[in-house]
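Residue-level structural notes
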Amino acid sequence: MGQPVASRGRAATPTLGKAMLNKYARAFFTRVLTPFAAFLIRRGVSPDTVTLLGTAGVVAGALVFYPMGEFFWGTVVITLFVFSDLVDGNMARQLGRSSRWGAFLDSTLDRVADGAIFGGFALWYAGGGDDIALCAVSIFCLASGQVVSYTKARGESIGLPVAVNGLVERAERLVISLVAAGFAGLHKFGVPGIQYLLPVALWIVAVGSLVTLIQRVVTVRRESAEADEAAGAQEAAK
Ligand SMILES: CCCCCCCC/C=C\CCCCCCCC(=O)OC[C@H](COP(=O)(O)O[C@@H]1[C@H](O)[C@H](OP(=O)(O)O)[C@@H](O)[C@H](O)[C@H]1O)OC(=O)CCCCCCC/C=C\CCCCCCCC
Ligand SMILES: Nc1ccn([C@@H]2O[C@H](COP(=O)(O)O)[C@@H](O)[C@H]2O)c(=O)n1
Ligand SMILES: [Mg+2]
Ligand SMILES: [Mg+2]
């Protein structure tokens, strides 16, 4: 999709941060989901359709079930649809049709899906869950997750490599929150004590997102100083 200006012609900058899921789990899910992606292609389904329907399913699952405190069923519905985010790109690659439009649509709708998930938690704690502190933590998770993603998008748009993943990327945010919400939902089926998993997960995502935000801002600050210095040296040499 085009290399950021600041990284052109230079040795690849080592990428900071762990990003464990993107590194290890993605390869596994690519193998598992490739036959399904190929099946959808044979049925004439387009990657954009999968992106749109997947997001619609996540948004519906999050905004219908979570505000009612139905965390188990909400998580089941979301889980059925959230993997579409791995299937759409897989389909585009199998078709040899990975596009700028597809990259834009995928990333933009990721933000919509994330907003619905953490918005769903916030609505529950603002209503029946009756916990203003956890409502605030949910809103913090929503906002910080969006800003974490924005740092990369904006940094890349000004030509920097943004060679940082950070502690808690989108995959981590989703897995920590959804696994906790799914299990916390079992409280309604009579499992005692398990409802505390969700508040714990939200605090972990909030703190992890803040750390990730700082990691990314520090990286962009360093990369922009280096790029400006290199540009200044080039100008002086003319
Ligand atoms: C009795 C028990 C009840 C339990 C109920 C069910 C529980 C099931 C719970 C959860 C399953 C959650 C699965 C979540 C999977 C998420 C997969 C996914 O969509 O990841 C997306 C991620 C990023 O994709 P993109 O490259 O398209 O997006 C980029 C990203 O958003 C960037 O954001 P940033 O990181 O910067 O913030 C943007 O900058 C960029 O614009 C954007 O393009 O994909 C990956 O990272 C790939 C890795 C996926 C890893 C999936 C791991 C799933 C692991 C375990 C699930 C199984 C859990 C089982 C629970 C057990 C229950 C019994
Ligand atoms: N409708 C789409 C969706 C995605 N793409 C391409 O896939 C990349 C994302 O891959 P994931 O495995 O994270 O889904 C994205 O950057 C696009 O290149 C597409 O073309 N059309
Ligand atoms: Mg995708
Ligand atoms: Mg995506």
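Residues numbered from 1 in each chain as written. Chains lettered and ligands numbered in written order. Predicted model: local features only at pLDDT ≥ 70, side-chain atom pairs only at ≥ 80, totals over all residues. Heavy atoms only, no water.

1. Observations regarding the site of ligand 2
Arg26, Asp48, Thr51, Asp85 and Asp88 are the nearest of the 15 residues found near ligand 2. In this structure, an oxygen atom belonging to ligand 2 sits 2.6 Å away from a main-chain N or O atom of Asp85. Residue Gly89 places a main-chain N or O atom 3.3 Å away from an oxygen atom belonging to ligand 2. Contact with the protein chains hides 85% of the accessible area of ligand 2, taken as 470 Å² for the molecule alone. Elements supplying a minimum of two residues to the shell around ligand 2: α2 (47-65), α4 (84-95) and α5 (100-126). Per element, the largest residue contribution to the shell around ligand 2 is five residues, and it comes from α4. Of the residues contributing to the shell around ligand 2, the split by class is three nonpolar, five polar and seven charged. (Near = heavy atom within 4 Å. Polar contact = N/O pair within 3.5 Å; in protein donor to acceptor, adjacent residues only side chain to side chain. Areas by Shrake-Rupley, 256 points an atom, 1.4 Å probe, with all protein chains shown as cover. Helix = DSSP H or I, 4+ residues; strand = E, 2+ residues; numbered from the N terminus. Nonpolar A, V, L, I, M, F, W, Y, C, P; charged D, E, K, R; others polar.)

2. Considering unusual backbone geometry
The general pattern is negative phi for most residues beyond glycine and trans for most peptide bonds. Located in the positive-phi region is Asp130, a residue other than glycine, with phi close to 45 degrees. The topology assignment puts Asp130 in the loop between α5 and α6 (132-157). According to the relative accessible area criterion, Asp130 is exposed, its value standing at 66%. Although it is not a glycine, Val162 adopts a positive phi angle of roughly 45 degrees. In this structure, Val162 sits in the loop between α6 and α7 (170-184). (Buried < 20%, exposed > 50% of the residue type's maximum accessible area, 1.4 Å probe, protein only.)

3. Observations regarding the nonpolar core
One broad rule of soluble globular proteins: the nonpolar side chains tend to lie buried together. Tyr66, Ile78, Ile117, Phe121, Leu198 and Leu202 are the most contacted members of the largest nonpolar core, which totals 25 residues. Elements supplying a minimum of two residues to this core: α2, α3 (71-82), α5, α6, α7 and α8 (197-237). Here the element with the most residues in this core is α5; it accounts for seven residues. Membership of the second largest hydrophobic core comes to six residues, among which are Ala37, Leu40, Val87 and Met91. (Core = buried A, V, L, I, M, F, W, Y, C linked by side-chain atoms within 4.5 Å.)

4. Here we look at the packing of aromatic side chains
Inspection of the entire model under this criterion finds 12 aromatic pairs. Seen from their ring centres, Phe72 and Trp73 are 4.9 Å apart, and the 85 degrees between their planes marks the pair as edge-to-face. Among the residues examined, Trp73 registers a relative accessible area of 42% and is labelled partly exposed. Residues Trp73 and Phe189 carry aromatic rings whose centres are separated by 6.4 Å and whose planes lie at 70 degrees to one another, so their mutual orientation is edge-to-face. Of this pair, Trp73 sits in helix α3 while Phe189 sits in the loop between α7 and α8, and the two are 116 residues apart along the sequence. (Phe/Tyr/Trp six-rings, centres within 6.5 Å; stacked < 30°, edge-to-face > 60°.)

5. Quick word on the environment of Pro199
Along the chain, Pro199 falls in helix α8. The buried category is assigned to Pro199, whose relative accessible area is 16%. Along the chain, Pro199 and Phe121 lie 78 residues apart, while their C-alpha atoms are 9.9 Å from each other. Beyond its immediate sequence surroundings of up to four residues, Pro199 is in contact with Tyr125 and Leu134. (Contact = heavy atoms within 4.5 Å.)

6. Some details on the UniProt feature "binding site: a CDP-1,2-diacyl-sn-glycerol" (unreviewed entry) in the chain
UniProt tags Asp48, Thr49, Val50, Thr51, Gly89, Arg93 and Ser99 as "binding site: a CDP-1,2-diacyl-sn-glycerol" (unreviewed entry). Turning to its location among the elements, Thr49 is positioned in helix α2. Taking relative accessible area as the criterion, Thr49 reaches 34% and is therefore assigned partly exposed. Along the polypeptide, Gly89 turns up in helix α4. (UniProt positions renumbered as here; feature names shortened; annotations may be inferred.)

7. Things to note about the coordination of the magnesium ion (ligand 3)
For the magnesium ion (ligand 3), the full set of protein donor atoms is Asp85 (O), Asp85 (OD), Asp88 (OD) and Asp106 (OD), at a range of 2.0 to 2.3 Å. The metal-metal distance between the magnesium ion (ligand 3) and the magnesium ion (ligand 4) is 3.5 Å, with Asp85 coordinating both. Linking Asp88 in helix α4 with Asp106 in helix α5, this pair joins segments that are 18 residues apart in sequence. With respect to burial, Asp88 and Asp106 carry one shared label: buried. (Donors = N, O, S within 2.8 Å, 3.2 Å for Na, K, Ca; no water.)

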